Amino acid sequence: MSPIPRRRVLASTGALAGAALIPTEAAAAARPTPAGRVLPGDVRYPDLVRGFNLRWAGKPDYVLLPTTTEQVVRAVSDAVRSGRRVTVRSGGHCFEDFTTTPDIKVVIDLSQLAAISYDAGRRAIEVEAGATLVEVYDTMFRRWGVTVPGGQCLSVGAGGHVPGAGYGPMSRMYGLISDHLYAVEVVVVDRDGGAHAVVARRDDPDARLRDLWWAHTGGGGGSFGVVTRFWFRTPGATGDDPSGLLPKPPSHTWLSSVIWPWEGLTEAGFTRLVRNYGSWYERHRAAGTPFDGLFSRFNLLHKAGGVVQLASSLASDGGDAEQRMREFVAAIGEGVGVPSMVTEHRRVPWLHSVSWANNAGADPTGRADYKSANMRRGFTAEQLAAMYRHLTRTDYQHQTALVSIASLGGRIGAVAPGHTAVAQRDSIMRAMFFATWHDPAEDDRHVAWVREFYKGVFAATGGVPVPNEVTDGCFINYPDGDLNDPRWNSSGVPWHTLYFKDNYARLQRTKAQWDPRNVFHHSQSIRPPAR
């Protein structure tokens, strides 16, 4: 098990009353320490112009490493004044080239803005945007015994994860991480080009500020400004004790890993296996069942990978948790015709489960291509046939090519689609189609397979999972530039509908209010409304 890195925690900084507005002039008067500036030729530069996916590398004039909001305000102001395009990175896990295109001249790297503290004035736990998920989980738990229902990949940064409405092992119990977002601090640029830091709360009396908060509950990153801080408090939480303001995790978790070998797995057996998985989550989509605390990933590797794996975790405060886990695994394997092998079955304390190897995420030194699909029901017969065909292709064989199908449902569906920016509330599963590799010379081969696989599965709807009774679009935190391309999306449904559905119009209005100059943009950022 990987060691948990040393926490960076600051004491409470107190409250800023109302919606704090920090003009550029005030930041200059405060004389903050200049943010670290990394130029080409600096030993740090090759690392800081890349994110998680090594397919993408930028060539900015410089990378800034701020440690305060005031430094971010100054950095944005300087970039706008000098006519340089500016973008922001926290954990660097964007799957596409949103922070590395050639026209980007300034990258604001928030990795050093990573403190976690309790804000007594706002009665909320404050998380700076550069904090990684492992830091968030560890600090919240050790200091206050609470958590937020975020994702599994521990090196993901809060700055992108939260605005995209991240999900993970606790989401069927407690919803999405953005469902617990109380306030957000964003450095925005006004119509005159001035940079300011604004705090927007979910209960703000100003409707414009409420819209800005709302846009960061699922509208994705990079569209409205630079997020510097989040404050978390569960809706309805009362009092001023931080240990009672966010969900408490279970004391223990059951972990299970089960594999089915591809050898002997016929198309009929494969179809039964995946259909069992979808049917189980159809039956258990509602909240308030003994399986609220269950999360699973069904990793359907290419046949070259040798196996199909079901990795699951279950909150185990209840005495019958082990039996429930066994029932779940048995239901998935029923009638498959190939015996399964249990590779892990154990109970561990909750914080230890956070660092479980099956939750760690992909190789940060590799290259990859990703696509996503929200599923309202199990896969159709045609979709399952396409999955089997592409996962058993002999003209393409690669051990780390797969579709990973994660569980949704439960409390995620208890929130109305318009209450936050997340429109896909009734999905029961989320599929990620991807391949990972290392050799740049193999880019075209692997990207082609992922494209063909995805297009084949959703051939009946123009190559993408259009919103209908079975599928419900895509996940903005797994961005896919091909959704903009009619060669791969012939559905007639635009990329923004696949991500945001009917919520897109409100996101556009918020964009016009808070980024009227369209300073913050990328190929799938929120577009200003047409005039």
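So, how was this worked out
Going along each chain's sequence as written, the residues are numbered from 1 onward. Where local features are concerned, this predicted model is filtered to residues with pLDDT of at least 70; where side-chain atom pairs are given and counted, the filter is 80 or more; whole-chain, interface and lining totals use all residues. Hydrogens and water molecules were not included; the side-chain quantities draw on all heavy atoms of the structure. What counts as a salt bridge is simple: a side-chain nitrogen of Lys or Arg found within 4 Å of a carboxyl oxygen of Asp or Glu. Helix numbers and strand numbers start at the N terminus; a helix is a DSSP run of H or I with at least 4 residues, a strand a run of E with at least 2. The buried label applies to any residue whose accessible area, calculated with a 1.4 Å probe on protein chains only, is under 20% of its type's maximum; exposed applies above 50%, and partly exposed to all values in between. We call two N or O atoms a polar contact when they sit within 3.5 Å, provided that within protein one can donate a hydrogen and the other can accept it, with sequence-adjacent residues counted only if both atoms are side-chain atoms. Here, any two strands with at least 2 DSSP bridges between them count as paired. In this analysis an axis means a line fitted to C-alpha atoms, helices contributing only their contacting stretch, and an angle means the value between N-to-C directions, from 0 to 180 degrees. An automatic or database domain assignment is the source of the domain bounds shown. Residues are treated as being in contact if the distance between any of their heavy atoms lies within 4.5 Å. Buried area is calculated as the accessible area (1.4 Å probe) missing from two parts once they are joined, with the contributions of both summed. Disulfides are defined as cysteine sulfur pairs within 2.5 Å.

J.: In this structure, what is going on with the pattern of salt bridges? I would like to understand it.
T.: Two side chains of opposite charge can pair, provided their charged atoms sit close to one another. All chains considered together, the criterion is met by 28 salt bridges. Here Arg487 and Asp485 are joined by a salt bridge, their closest N and O atoms 2.6 Å apart. Taken together, the shared-partner salt bridges connect Lys371, Arg451, Asp480 and Asp482 into one network.

J.: Sorry if this is basic, but what is going on with the side chain of Asp480 here?
T.: Inspection of the secondary structure assignment puts Asp480 in the loop between helix H12 (443-457) and helix H13 (495-500). A residue is classified by how much of its surface remains accessible, and Asp480, at 2% relative accessible area, is buried. Within the local environment of Asp480, its side chain forms a polar contact with the backbone nitrogen of Asp482, the two atoms lying 3.0 Å apart.

J.: Which parts of the structure should I look at to understand the sheet that holds strand E15 (residues 367-375)?
T.: The strands making up a sheet associate through hydrogen bonds between their backbones, and the pairing can be parallel or antiparallel. The strand order across the open sheet built from 7 strands is E14-E11-E13-E12-E16-E17-E15, with neighbouring strands paired in antiparallel fashion. The sheet is open, and its two borders are formed by strand E14 (341-349) and E15, each paired with just one other strand. Looking at each pair of strands side by side, their axes are set apart by 15 degrees on average, direction ignored. Two strands pair when backbone bridges link them, and strand E12 (residues 294-301) and strand E16 (residues 401-407) are joined in this way by 5 bridges, in the antiparallel orientation. For Leu301, the partnering residue across the bridge sits in E16 and is Leu402.

J.: Teacher, can you tell me more about the domain arrangement of the protein chain here?
T.: The figure often quoted for interface size is the accessible area lost as the parts come together. By domain assignment, the protein chain separates into domain 1 (34-249) and domain 2 (252-501). A separation of 27 Å is found between the C-alpha centroids of domain 1 and domain 2. Between domain 1 and domain 2, the residue contacts involve 39 residues of the former and 55 residues of the latter. In total, about 3800 Å² of surface goes out of reach between domain 1 and domain 2, with carbon and sulfur atoms giving 60% of it. Taken together, the connections running from domain 1 to domain 2 amount to 2 salt bridges. Measuring nitrogen to oxygen at the nearest pair gives 3.2 Å for the salt bridge that ties Asp369 to Arg55.

J.: How do you make sense of the sheet that holds strand E4 (residues 85-89) when you look at a structure like this?
T.: If you walk across this open sheet you meet the 4 strands as E2-E3-E5-E4, and the pairing is mixed. The sheet is open, and its two edges are formed by strand E2 (36-38) and E4, each paired on a single side. Pairwise comparison of adjacent strand axes, ignoring direction, gives a mean angle of 25 degrees for this sheet. Seen against the sheet, helix H3 (residues 69-82) touches strand E3 (62-65), E4 and strand E5 (104-109) and runs at an angle of roughly 175 degrees to E5.

J.: Sorry if this is basic, but what is going on with the state of the cysteines here?
T.: Covalently bonding the sulfur atom of one cysteine to the sulfur atom of another cysteine gives a disulfide. By the definition in use, this model includes 0 disulfides. Lacking any disulfide linkage, Cys94 is separated from the closest cysteine sulfur, that of Cys153, by 13 Å. Here Cys474 is not disulfide-linked; the sulfur of Cys94 is the nearest cysteine sulfur, at 15 Å.

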